[in-house]
Amino acid sequence: MILIILLLSVTISYAAESTRYPIGAIFNKQTLSTSAKAFDNIVSSGTTRAYHGRPICLQVVDSYSTALEVCQSTSDNRGIVSLIDPRPTGGVCDTTCLLCNRLNISHLSMGWEPADTLKNDLYTLMYHPPPELISKAYATLIKKLQWDKFTFFYEDDGSFIRLQEVLNSWPYKHEQIFYMQLDPDGDNRESFKNVFKVEHMSYHVIDCAVENIRKYMTEIIQVENSTQYQSFILTNLDAYTVNLEDIPDLMANVTTMHLTTSNDIRWKDMDMNTANISIRLETALTADALTHLDKAIRGMQQDRGSYRVDDPPALCFMNNKADYEGTAWSSGDALRESLIKTPAKGFTGNIEFDEEGKRTNFVLHYSKLSNESQFIYTGYWDSRTDMITDEKAVTDRSAARTSKSAIRVVSRKGKPYFDIDDSNGTVVFRGYAVDLVDAIFRVIRTKYKEDMKYEFYRVADDNYGNRVPGTKKWDGIVGDLLDHNAELAVCDFTITAERNSAVDFSIPFMSLGISMLIKEPEAEAPDMFSFIKPLSLDVWLYLGTTYIIVSFVLLICARMSQDDWVNPHPCNQNPENLQNIWSLYNCMWLTMGSIMTQGCDILPRAAGSRWVTGMWWFFALIITASYTANMSTFLRNNRRNTEITDVKDLAEQNKISYGAVTNASTYKFFETSNDTVYKKLWANMQAAKPTVFTHSNEEGLLRVLRSKAKYAFFMESTAIEYYLQRYCDLKMVGNKLDSKDYGIAMPKNSPYKSYIDSAILALQESGELLALKKKWWEEEDNVSHCEKNTDSDETDSGSLQMKNTSGIFLVLAVGGVIGVIVAIIDFLLHARKICVKEKITYKEALISEWRVSLNPRELHKPAAPLRSAAPSTASPSPLRDRSRSRAVSVLRAATSFINFDEIY
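Note that the structure is predicted; figures quoted are calculated from it, not measured.

Colleague: Could you clarify how one ought to interpret the overall build of the protein in this entry?
Modeller: Per the secondary structure count, the protein includes 29 helices and 29 strands. For the protein, the proportion of its 904 residues judged to be buried stands at 45%. Summarising the internal contacts of the protein: among those between residues at least 6 apart in sequence, 71% fall at separations of at least 24. For the protein, the exposed surface amounts to about 48200 Å²; the carbon and sulfur share of it is 55%.

Colleague: Mind showing me how you'd approach the packing of helix α2 (residues 33-43) against helix α11 (residues 281-304) here?
Modeller: The description of two packed helices rests on the angle between their axes and on the distance between the axes. In the contact formed by α2 and α11, the axes pass within 8 Å of each other and the chain directions differ by 25°. One element, α2, and the other, α11, form an angle in the roughly parallel class. As for the relative orientation of α2 and α11, their crossing is right-handed in sense. Within the contact between the two elements, α2 uses T34, S35, A38, F39 and I42 and α11 uses E282, T283, T286, A287 and L290. Grouping the constituent residues of the contact of α2 with α11 by class yields 5 nonpolar, 4 polar and 1 charged.

Colleague: Sorry, what's going on with the sheet that holds strand β11 (residues 344-346) here?
Modeller: Pairing between the strands of a sheet is mediated by backbone hydrogen bonds and can be parallel or antiparallel. Taken together, 3 strands build an open sheet; the order of strands is β11-β12-β13 and the sheet is antiparallel. In this open sheet, the two strands that pair with only one neighbour each are β11 and β13 (359-360). Across 3 bridges, the pairing between β11 and strand β12 (residues 349-353) is antiparallel. If you follow K345 over to β12, its bridge partner there is N350. Against the sheet, α11 contacts β11, β12 and β13, and its axis sits at roughly 155° relative to β11.

Colleague: What am I meant to see in the pairing of strand β10 (residues 253-258) here?
Modeller: Strand residues, when the strand is regular, have side chains that alternate between the two faces of the sheet. For β10, a buried count of 6 out of 6 residues is recorded, marking the element as mostly surrounded by other parts of the structure. Burial along β10 is two-sided: the face carrying N253, T255 and M257 and the face carrying V254, T256 and H258 are both buried. By the bridge criterion, 4 bridges tie β10 to strand β14 (residues 363-369) in an arrangement that is antiparallel. Across the sheet, M257 pairs through a bridge with Y366, a residue of β14.

Colleague: What is the right way to read the packing of aromatic side chains from this model?
Modeller: Aromatic ring pairs are described here by two measures, namely the spacing of the ring centres and the angle between the planes. Taken as a whole and assessed by the stated rule, the structure comprises 44 aromatic pairs. Measuring from ring centre to ring centre gives 5.5 Å for Y432 and W777, while their planes differ by 85°; the resulting arrangement is edge-to-face. Here W777 lies in helix α26 (residues 768-779) and Y432 lies in helix α14 (residues 432-448), a separation of 345 residues in the sequence. The class for Y432 is buried, based on a relative accessible area of 1%. One aromatic cluster is present, built from ring pairs that chain together Y417, Y432, F509, Y722, Y723, Y727, Y742 and W777. Taking the ring centre of W112 as reference, the NZ or CZ of R162 above it sits at 4.6 Å. The lysine or arginine in question, R408, covers the ring of Y457, its NZ or CZ lying 4.2 Å from the ring centre.

Colleague: Explanation requested: the pattern of salt bridges in the structure shown.
Modeller: One side chain can pair with another of opposite charge once the charged atoms of both are near each other. Taken as a whole and assessed by the stated rule, the structure comprises 34 salt bridges. We note a salt bridge from D148 to K748, for which the minimum N-O separation is 2.8 Å. With D148 in the loop between α5 (131-145) and β6 (151-154) and K748 in the loop between β29 (745-746) and α25 (753-766), this pair connects stretches of sequence that are 600 residues apart. The exposure class of K748 is buried, given its relative accessible area of 5%. A salt bridge links R280 to E211; the shortest N-O distance between them is 2.9 Å. One end of the pair, R280, is in the loop between α10 (266-269) and α11; the other, E211, is in the loop between β8 (203-207) and α9 (213-223), and 69 residues separate them in sequence.

Colleague: Would you mind showing me how to read the state of the cysteines here?
Modeller: The term disulfide refers to a covalent linkage connecting the sulfur atoms of a pair of cysteines. Tallied over the full model, the rule gives 3 disulfides. Here C71 pairs with C316 through a disulfide, and the sulfurs are 1.8 Å apart. Of note, the bridge from C71 to C316 carries an S-S torsion of about 100° and is right-handed in sense. One end of the pair, C71, is in helix α3 (residues 63-74); the other, C316, is in the loop between α11 and α12 (321-327), with 245 residues separating them in the sequence. Considered together, C71 and C316 belong to a single accessibility category, that of buried residues. Between the sulfur of C93 and that of C97 lies a disulfide, 1.9 Å long from S to S.

Colleague: Mind showing me how you'd approach α11 here?
Modeller: An α-helical turn contains 3.6 residues, so any two residues separated by three or four positions project in the same direction. If you check α11, its first and last C-alpha atoms are 34 Å apart, about what 24 residues at 1.5 Å a residue would give, namely 34 Å. Counting buried residues in α11 gives 17 out of 24 residues, a clear majority hidden from the surface.

Colleague: Looking at this structure, I do not really get α2. What am I missing?
Modeller: For α2, the buried fraction is high: 8 of the 11 residues fall into the buried class. Among all positions of α2, only T34, S35, A36, A38, F39, N41, I42 and V43 are buried.

Colleague: Help me understand the environment of L603 in this model?
Modeller: With respect to the helices and strands, the residue L603 is situated in the loop between α18 (584-595) and α19 (607-639). Looking at L603, the relative accessible area reads 47%, which means it is partly exposed. Taking the C-alpha atoms as reference, L603 lies 9.3 Å from W582; in sequence the two are 21 residues apart. Residue contacts for L603: discarding those within four places in its chain leaves W582, L590 and W617.

Colleague: Help me understand the packing of α14 against α26, please; the structure alone is not making it clear to me.
Modeller: Contact geometry for α14 and α26: axes closest at 10 Å, N-to-C directions at 155°. Relative to α26, the element α14 is oriented roughly antiparallel. Remark: the crossing between α14 and α26 carries right-handed chirality. Counting all contacts with α14, which are made through Y432, D435, L436, A439 and R442, the residues of α26 involved are E768, L769, L772, K773, K775, W776 and W777.

Colleague: Teacher, can you tell me more about the environment of F493 here?
Modeller: Take F493: it is sitting in the loop between β21 (488-489) and α16 (497-500). Here the alpha-carbon distance between F493 and I477, two residues 16 residues apart in the chain, equals 9.3 Å. Once you skip the residues sitting within four places of it in the chain, F493 turns out to touch Y464, I477, V478, R499, F505, D741, Y742, G743 and A745.

Colleague: Can you walk me through the confidence of the model for the protein in this structure?
Modeller: Note: predicted coordinates in regions of low pLDDT should not be interpreted at a detailed level. Per-residue pLDDT for the protein has a mean of 84; in total, 88% of the residues score no lower than 70. A low-confidence stretch, residues 790-796 (pLDDT under 50), is modelled with 2 contacts involving residues beyond four sequence positions or located in other chains. The low-confidence segment residues 872-883, where pLDDT is below 50, has 1 contact with residues more than four positions distant or belonging to other chains.

Colleague: It is not clear to me how the side chain of S75 should be interpreted in this structure. Could you clarify?
Modeller: Considering the arrangement of structural elements, one finds S75 in the loop between α3 and β3 (82-85). Using a relative accessible area of 18% as the deciding quantity, one classes S75 as buried. Within the structure, S75 has its side chain in polar contact with the backbone oxygen of C71 (distance 2.5 Å). When neighbours within four sequence positions are excluded, S75 is seen to be in contact with A314 and C316.

About the thresholds
Residues numbered from 1 in each chain as written. Predicted model: local features only at pLDDT ≥ 70, side-chain atom pairs only at ≥ 80, totals over all residues. Heavy atoms only, no water. Helix = DSSP H or I, 4+ residues; strand = E, 2+ residues; numbered from the N terminus. Buried < 20%, exposed > 50% of the residue type's maximum accessible area, 1.4 Å probe, protein only. Contact = heavy atoms within 4.5 Å. Areas by Shrake-Rupley, 256 points an atom, 1.4 Å probe, with all protein chains shown as cover. Axes fitted to C-alpha atoms, helices over the stretch in contact; angles between N-to-C directions. Parallel < 35°, antiparallel > 145°, perpendicular 65-115°, else oblique. Left-handed = near helix turned anticlockwise from the far one by under 90°. Nonpolar A, V, L, I, M, F, W, Y, C, P; charged D, E, K, R; others polar. Pairing = 2+ DSSP bridges. Phe/Tyr/Trp six-rings, centres within 6.5 Å; stacked < 30°, edge-to-face > 60°. Lys NZ or Arg CZ within 6 Å of the ring centre and 35° of its normal. Salt bridge = Lys/Arg side-chain N within 4 Å of Asp/Glu carboxyl O. Disulfide = S-S within 2.5 Å. Expected span 1.5 Å × (residues − 1). pLDDT = per-residue confidence, 0-100. Polar contact = N/O pair within 3.5 Å; in protein donor to acceptor, adjacent residues only side chain to side chain.

So, in C-alpha cells, the structure goes:
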C-alpha cells in the first residue's frame, strides 16, 4: 500500500513538473547575492507557478567560459525555455546571449546598457529602462531645477552613454558643462577643490557606482565647509539606498531618481530580510522578470490551449546555421510574443516592452535628501509625458541651520544705503540697507517662524566686485559671496548678466535707470538790449555811418539837380524865386523813414536824387530783411533751451566732459553697448585726459559740484534723486538710458532665496519699501530739503520775457524824452521869435502859445498873439542890438542850411 502511494505521488509530481516550463538564471561574482537569493526564494516558494527553475552559479566571468558552463548546465535534457541574466551587459550581446537568440530561448537581461544589435536580437528583453529614457528624465529634472551651469562628475566613459540626453539637450546659450573624472580608488579632493574654489560651480551631476557615493561625499565635505550652497543629482538608480547619516556636515541639496521604493512589504512575502540591507535595483528586476515570465507563460498556454512543454534544447555551440535552426525551440516565438504583449506589475512598477524588447511606460520616483539624512519621496517622472509631478513638499536640506549660526551680510559704505556711525565710541551700522534687512528678517520670523540672526560687515575697499584678469575669481562683494565669507550682500548692487552668472539675486527691491547728474549753470544777467543782437556792433556802426553819408549825398544831389527846385506858388507862372525842400533835416527824415519801412511824405524829383534814393531803398530792404530773419532765428534759439537735455546733445558737444564710476554697472553699460550714441560717449570718456572716471559716486558728486556745469556724471537715478534732495544747485538731465534693478545677492543655490523673495514681495505690498525710501532719501541726514520748481512760467511757452526786451522800452523812453526836449526848445525858440516879431514880452509870448498848445479843442491859433500892452518905445542899448544881430545871423544861417521852417 505504501509503495502504491509513493508511486502515485511520484507520478503526480512528474505530471506537474511536465506542465511547468524550465527556466534558469546565471549568477556570478559580478551579480548581487540578494539577486540569487530572491531567485531561489521565488522559484521554491510553491508549485503553482508556470515554471520551475534552477540557478546557474558560475565562478567564471569571461563570455566564452560562461557559455561553456551554461552549455554543460543545460545538457542531458536539462534545457531551459528562458534565461534570466542579471550580469552587466557591457553594451554587447555576449556568447550566451547569442546562443539564446539562435535557439529561440528568451534571454531576460537586467543590465542597463542595451547591445548595439538589440534590434536583431529578437529574443533579448531589457528589463532595465533604456538609458536614453533615464537620461531624458534627468534632463527634465535639471530643467525643473533651473540650473544655468553644472559639473558632470563621472567614473568611466559609460556615463556619456547613460546620460547622453542630458548632454545633448543642454542649451547652447548656457555656460558649457564642466567635466571632471573621478577616481574610485584614488583621492579626489583636489578635483573637488578645483570645482568649488576655482570654477565656483554650485550644481553637480554625479554618475558613479552606488558603492562610491559615500566616499565622494566624505571628500566633498573635507574641501568645502559651506556645502549648503551646493546641489547634487545622483544618477545611479540605487543612490536612494545609501545611508548618509554619518556625514552630518553634508548640508547640500541632494536629489535622485529610482525605480523601486524602500522597504517594500512584498519582500517579506518572499522571505527577504530588508531590515539590515536595502534591496537594490538588480534584485528587484530579477524578481520582476520572474513575475512577468510567470504571467507570460500562463498567457501563452491559454492562447495555445495546451499545457504540454516541448523539450527546449541545450544552450550549446552547433556546427552550422542549419543545426541551430533545426535545434531551435519550437515554442520560442510564442513565448517571446507573449512576453512582449503581456503587461505586469512588479517592484519596479509597470512592466511593458516595445517590439525591440525595450522597457516602456514606466515611472521614476523623485526623492530629496531631507534634514534627517533620509531620501524622502517628492514626486515622479512619467516616461509617457516626460514631466515631473510633485506630490510632496520636502524642505531642502540646505535650509537646516543651527539656532546659534548668524547670517553674515556684506555691504559697502555709501549713503544712503550703508553708513558707519562711530561717534559714540561704538560702531553702529545705519542706512537703507540695514533697515531693509531688518524688515526682511522681521517678515521671515513672523511668516515662517524662523528665528534667523544676522550680522553686517563692510567689504574691503568698498568694491562691488569684478573678475580678476586671467582667472575665474572675483574680488569685492562678489568674491566674498563666492568664497562663502558672506551669505547675503545688500547695497546699491545692480542685477547684471555678468554678476548673475556668478551669484544669485533676489527679486528686485528697487527699480532705476542710468541718468546724468550735472550742476545748474549760473544764472546770466538779463540782456536789456537783446534786440541789437541780430546784427553785430560793427554792422550797427557801419549802418549809422552809411545813414549819415547817404543823407548828405542825397542833400548834395537834390541841391544840384534843377528838377528839385520848384515853384513855391504854382498859381504864379513867373515866380521870382524857386524853392528846394531838400534840407539836411528832410534828407535824413527820408532815409530814416525808408530803413524803418515807414516811408516818407516827400520824395525827390530829379533823376540823380531819385537814383540815390532808390539805391538806399534797396539797401534798406536788404538790411531790414536780414535783421528780421536774424531776429527770428535769435528769438527761436533763445526760446529753445541751449543747455544739455539728453545724451545726444552731450555727445555732439565738447565743452562739457562726462564720466562714471570705474568698473561699475554704469561703466559696463557703456563699455558693452552697441548703440551708436552710447559708443561715441564711451569713446570720448576713454580718450578724455585727465580721466573722467571716479572710484565712487561720492567722488563723482564732488567733481560735479566743483565743475561749474562743465562736468556731467552718469549714475543710477536713485542716487541722483538722493543728491537732488541735498544739493539744490544740481539737476538730473534727460530720460533714463536703461532699466535696471537692485537686488540682494547671495551665493548660487542659497537656501535663503525663497525666504527673501517672499519677504520682499510682502514689503512691497504693504508699502514699507516706499516708506523706507522716503525716510532715507527725504528725511534722514537732509538739511536742505530742496524742492525743484517744475512750474516756472519762464519755461512753459518759450515766449520773450521783459528782462530781455526792456531795452526796447528804454530806447523808446529815451527817444520820447529827447523828442520832448526838442519840442520844448522849438517851443521856446518859436516864442522868442514871436516876441521879437510882434514886439511883445517873452513872457506874454510864452503864455499865449502855451494856452493854445495845451488846449486840445483848439485846432487853430492866431498868427500873432494878442498884445497885453503897448509896444515899448525905449531905444535898445547898442550892446543889446549887437548881441541880437549876432544871434539872428547865426539863426538865419542854421535855418537856411537845415530849413526847419519848411518841413513837408
